Amino acid sequence: MDTWGTIDTPILGKALMILREHHIDPLAFTRTRFLLAWGDVCIVFGSPLGIPVYALLTFTPEEIQKWYLFLLFVAVIAVLTTSTNQIHKWSHLRAGVPRWAKLLQKCHLILPSDHHHIHHYPPHLVKYCITNGLANYPLDYIDFWNKMEWVIEKLTGAKPRQDDMRWSKKFYQFSQLSEGKSYHLVKY
C-alpha cells in the first residue's frame with residue numbers, strides 16, 4: 001500500500017500520505033501527537049472490540065462460555081492491531097521507550113528496533129510486518145513482498161516506487177506536519 005497511490009487517491013489519500021511519508025522520513029511519525037498516531041487506527045481496528053463488549057453485556061454466562069475463544073481472539077487481534085502504530089513507533093525510538101516495552105522487544109513479542117530498521121534500507125522489500133515482526137521470517141524467505149509487487153504490476157501496470165521522488169516533492173509542498181511545523185528529510 002505504501003508503494004502505489006498519491007495524496008490525491010480517492011478515500012485512501014490520507015493513509016497513503018502517512019505511509020509514503022514514513023519511507024521518505026522514517027522518524028516523522030515519532031514527532032506526532034498521540035491522537036495522530038492512534039486515531040485512525042483505533043477507529044478502524046478498534047471497532048471489532050465492540051463484539052466482545054456487546055457479548056459481555058448481553059450474552060448469558062453459558063453463551064459467553066460457548067463463544068469464549070472466539071471473543072478472546074477478536075479482543076486480542078483488535079488490541080494488537082490498534083496498538084500497532086505505537087509498537088512501530090517504539091521500534092524507531094532510541095529513547096523514551098518504556099522499560100516494559102523494551103523487554104517485550106527483546107523477547108520479540110513486539111517489534112524490535114534492530115529487526116525493523118532493515119526494512120528502511122533499499123530496496124525496501126523485506127520486513128514489512130510491524131506488530132512483532134515474526135511473520136517477516138517466512139514471508140521474506142518466500143520473497144512474498146517482491147512477488148506481490150510483481151502481481152500488482154502485472155494486473156495494473158503500475159510500477160512500484162516509480163514516483164517516489166515526484167511524490168515526495170508534492171508531499172512536502174502539501175504537508176504541514178504536527179503542530180504546523182514542516183520537517184526536513186532526516187537521514188536515517
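Source: prediction; values computed, not measured.

**Quick look at the packing of helix α3 (residues 50-58) against helix α4 (residues 61-92)**
Part 1 of the argument: As a packed pair, α3 and α4 sit with axes 9 Å apart at the nearest point and diverge in direction by 155 degrees. In terms of orientation, α3 lies roughly antiparallel with respect to α4. In the crossing of α3 with α4, the sense of the turn from one axis to the other is left-handed. Residues Ile51, Pro52, Ala55 and Leu56 of α3 pack against Ile64, Phe70, Leu71, Val74 and Ala75 of α4.
Part 2 of the argument: In terms of residue class, the contact of α3 with α4 is built from nine nonpolar, no polar and no charged.

**So, the environment of Ser113**
Part 1 of the argument: With respect to the helices, strands and loops of the structure, Ser113 is situated in helix α6 (residues 113-117).
Part 2 of the argument: Take Ser113: its relative accessible area is 14%, and that puts it in the buried class.
Part 3 of the argument: Placed 20 residues apart in sequence, Ser113 and Leu93 show a C-alpha to C-alpha distance of 7.9 Å.
Part 4 of the argument: The contacts of Ser113, once residues within four sequence positions are left out, are Trp90, Ser91, Leu93, Arg94 and Gln105.
Part 5 of the argument: One polar contact links the side chain of Ser113 to the main-chain carbonyl oxygen of Ser91, over a distance of 2.9 Å.

The rules behind these values
- Residue positions are given per chain, counting from 1 as you read along its sequence in written order.
- Residue-level local features of this predicted model are given only where pLDDT is at least 70; pairs of side-chain atoms are given and counted only at 80 or more, and the full residue set underlies all totals for whole chains, interfaces and linings.
- Only heavy atoms go into the side-chain values, all of them from the structure, while hydrogens and water stay out.
- Orientation is described by lines fitted to C-alpha atoms, with helices fitted over the stretch in contact, and by angles between N-to-C directions that extend from 0 to 180 degrees.
- Working definition: helices are DSSP H or I runs of at least four residues, strands are E runs of at least two. Numbering for both runs from the N terminus.
- Each angle gets one of four labels, with under 35 degrees taken as roughly parallel, over 145 as roughly antiparallel, 65 to 115 as roughly perpendicular, and the rest as oblique.
- Take the far helix as the reference: if the near one is turned anticlockwise from it by less than a right angle, the crossing is left-handed, and if turned clockwise, right-handed.
- Should any heavy atoms of two residues lie within 4.5 Å, those residues are considered in contact.
- Charged residues are taken to be Asp, Glu, Lys and Arg, nonpolar residues to be Ala, Val, Leu, Ile, Met, Phe, Trp, Tyr, Cys and Pro, and polar residues to be all remaining types, Gly included.
- With a 1.4 Å probe rolled over the protein chains alone, any residue whose accessible area is under 20% of its type maximum counts as buried; one over 50% counts as exposed, and the rest are partly exposed.
- Polar contact criterion, stated in full: a pair of N or O atoms within 3.5 Å, where within protein one must be able to donate a hydrogen and the other to accept it, and residues adjacent in sequence count only if both atoms are side-chain atoms.

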